[in-house]
Amino acid sequence: MNKDYLNIYANFLIASSKYAHSTDLQKITEDRYSKDKIYRFLSSGEFCEKNFWLTIKPILKSIQNNNACISVDDTIIEKPHTKENDVVSYCYDHTKSKCVKGVNLLSVTYKTSEASLPINYRVIRKNKISTDHDTNKTKKKSALTKNQHFRNMLKTIKGNKIKYRYVLADSWFSSNENFKYIHNDLDKCFVFAVRSNRLFKFTGEDDSQYRKLSSFDFLPETAYAIEFKGVSFPLYLSKQVFKNEDGKEAVLHLVTNDEYLSYDNMVKIGLTP
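Residues numbered from 1 in each chain as written. Predicted model: local features only at pLDDT ≥ 70, side-chain atom pairs only at ≥ 80, totals over all residues. Heavy atoms only, no water.

Overview of unusual backbone geometry
Reasoning step 1: Non-glycine residue Glu30 carries a positive phi angle of around 55°.
Reasoning step 2: The class for Glu30 is exposed, based on a relative accessible area of 69%.
Reasoning step 3: Positive phi, normally seen in glycine, also occurs at Asp187, with a value near 55°.
Reasoning step 4: Here Asp187 shows up in the loop between helix H6 (176-185) and strand E8 (189-194).
Reasoning step 5: Since its relative accessible area comes to 64%, Asp187 is described here as exposed. (Buried < 20%, exposed > 50% of the residue type's maximum accessible area, 1.4 Å probe, protein only. Helix = DSSP H or I, 4+ residues; strand = E, 2+ residues; numbered from the N terminus.)

Structure follows, in structure tokens:
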């Protein structure tokens, strides 16, 4: 891989305050990096998980520690004018509550108190055709779900022997299967946002007491020992009340499997940008 082109193009993207075009880079560098050269570089086929890991590995080794967090993010890079294909497809954007056309990217970021570094990613490719048996309509879908990609990325991180303590993610990834994989298979801690329709009971209650999180008025700034239906180990829940940009009050439920994590630290970790 041409590291000179990689560094200049990466810095160009980071510095751009709007949509970045290779023609802009050509102008800035006075034709040293022409758009044709950038196109050839981007089309070289060298951008893969293995080469990405080899590029960031030396940086990661200099910053990693046992108390770090890894944060999983689900991003859609909108491409409204690009022809639909396996990579550019319609995806549900939960921030807009509708489907948009674009590239769906899952990424994992390594976070310490002093640094933040992307360490893994998956481009969601919808390369399978499925048929709705009721309507007989066809649609494109990915061979793996986002949660399967999520666990595969964590498996790769384990294989690369990366040091960390917490896995952070939003409610999209807060499935029982993910909880169990992190707790049992990886022996790590997690802090996840969860939806208010999750069924829970307080530790010590019998199974007839399961109810939705939304049915109980949790006190803010308080940690509760609870159990989720289908999860055999105890969890600890805290309620965070805050105001959205529009001034409306909102509630965020955070859960962790770390019994020693205080409310303040749970919120600090769970809301880490």
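Let us keep going from here.
Considering the side chain of Lys239
Reasoning step 1: Positionally, Lys239 belongs in strand E12 (residues 235-243).
Reasoning step 2: At 3.0 Å, the side chain of Lys239 forms a polar contact with the backbone oxygen of Phe218.
Reasoning step 3: Contacts of Lys239, omitting those with residues within four sequence positions, involve Asp217, Phe218, Leu219, Pro220, Glu221, Thr222, Val251, Leu252, His253 and Tyr263. (Polar contact = N/O pair within 3.5 Å; in protein donor to acceptor, adjacent residues only side chain to side chain. Contact = heavy atoms within 4.5 Å.)

With respect to helix H5 (residues 146-159)
Reasoning step 1: Across its 14 residues, H5 extends 20 Å between first and last C-alpha, which sits within 8% of the 20 Å expected from 1.5 Å per residue.
Reasoning step 2: Regarding H5, the residues found buried are Lys146, Asn147, His149, Phe150, Arg151, Met153, Leu154 and Ile157.
Reasoning step 3: Lining the buried residues of H5 we find strand E1 (69-78), strand E3 (98-111), strand E4 (116-123), strand E7 (166-169), H6 and E8. (Expected span 1.5 Å × (residues − 1).)

Some details on the packing of helix H1 (residues 3-15) against helix H3 (residues 35-42)
Reasoning step 1: Viewed as axis vectors pointing N to C, H1 and H3 meet at an angle of 105°, and their least axial separation amounts to 11 Å. By the angle between their directions, the pair H1 and H3 is classed as roughly perpendicular. Residue-level contacts link Tyr5, Leu6 and Tyr9 of H1 to Lys37, Ile38, Phe41 and Leu42 of H3.
Reasoning step 2: Class assignment for the residues of the contact of H1 with H3 results in 6 nonpolar, no polar and 1 charged. (Axes fitted to C-alpha atoms, helices over the stretch in contact; angles between N-to-C directions. Parallel < 35°, antiparallel > 145°, perpendicular 65-115°, else oblique. Nonpolar A, V, L, I, M, F, W, Y, C, P; charged D, E, K, R; others polar.)

Let's talk about the pattern of salt bridges
Reasoning step 1: The full count for this structure, using the stated rule, is 10 salt bridges.
Reasoning step 2: Between Glu78 and Lys96 there is a salt bridge; the shortest N-O distance is 2.4 Å. Of this pair, Glu78 sits in strand E1 while Lys96 sits in the loop between strand E2 (88-93) and E3, placing them 18 residues apart in sequence.
Reasoning step 3: For Lys96, a relative accessible area of 42% translates into the label partly exposed.
Reasoning step 4: Salt bridges linked by common partners bring Lys201, Asp207 and Glu227 together as one network. (Salt bridge = Lys/Arg side-chain N within 4 Å of Asp/Glu carboxyl O.)

Focus: the nonpolar core
Reasoning step 1: Counting 40 residues, the largest nonpolar core has Ile119, Phe179, Phe192 and Phe228 as the members making the most contacts within it.
Reasoning step 2: Among the elements that make up this core, the one with the highest residue count is H5 (4 residues).
Reasoning step 3: Among all residues touching Ile119, those that are not within four sequence positions of it are Phe52, Ile56, Leu60, Ile70, Val108, Tyr110, Ile157 and Ile162.
Reasoning step 4: Core analysis: the second largest hydrophobic core is formed by 13 residues, Cys189, Ala193, Tyr263 and Met266 among them. (Core = buried A, V, L, I, M, F, W, Y, C linked by side-chain atoms within 4.5 Å.)

Quick word on the packing of aromatic side chains
Reasoning step 1: Evaluation of the coordinates by the stated rule reveals 19 aromatic pairs.
Reasoning step 2: Measuring from ring centre to ring centre gives 5.2 Å for Phe200 and Phe202, while their planes differ by 90°; the resulting arrangement is edge-to-face.
Reasoning step 3: For Phe200, a relative accessible area of 0% translates into the label buried.
Reasoning step 4: An aromatic cluster is present here, built from Phe150, Phe173, Phe179, Phe190, Phe192 and Phe228 joined pairwise through their rings.
Reasoning step 5: Lys146 extends its terminal NZ or CZ atom over the ring of Trp172, reaching a point 4.9 Å from the ring centre.
Reasoning step 6: In this arrangement the basic side chain of Arg198 is found over the ring face of Phe228, its NZ or CZ atom lying 4.5 Å from the centre. (Phe/Tyr/Trp six-rings, centres within 6.5 Å; stacked < 30°, edge-to-face > 60°. Lys NZ or Arg CZ within 6 Å of the ring centre and 35° of its normal.)

Topic: H6
Reasoning step 1: Buried residues of H6: Asn178, Phe179, Tyr181 and Ile182, and no others. Along H6, the residues classed as buried sweep out an arc of 165° about the axis, all on the same side.
Reasoning step 2: Each element contacted by the buried residues of H6 is listed here: H5, E7, E8, strand E11 (223-228), E12 and strand E13 (249-256).
Reasoning step 3: Taken from the residues just after H6, Asp187 is the one with a positive phi, measuring 55°. (Arc of directions from axis to C-beta.)

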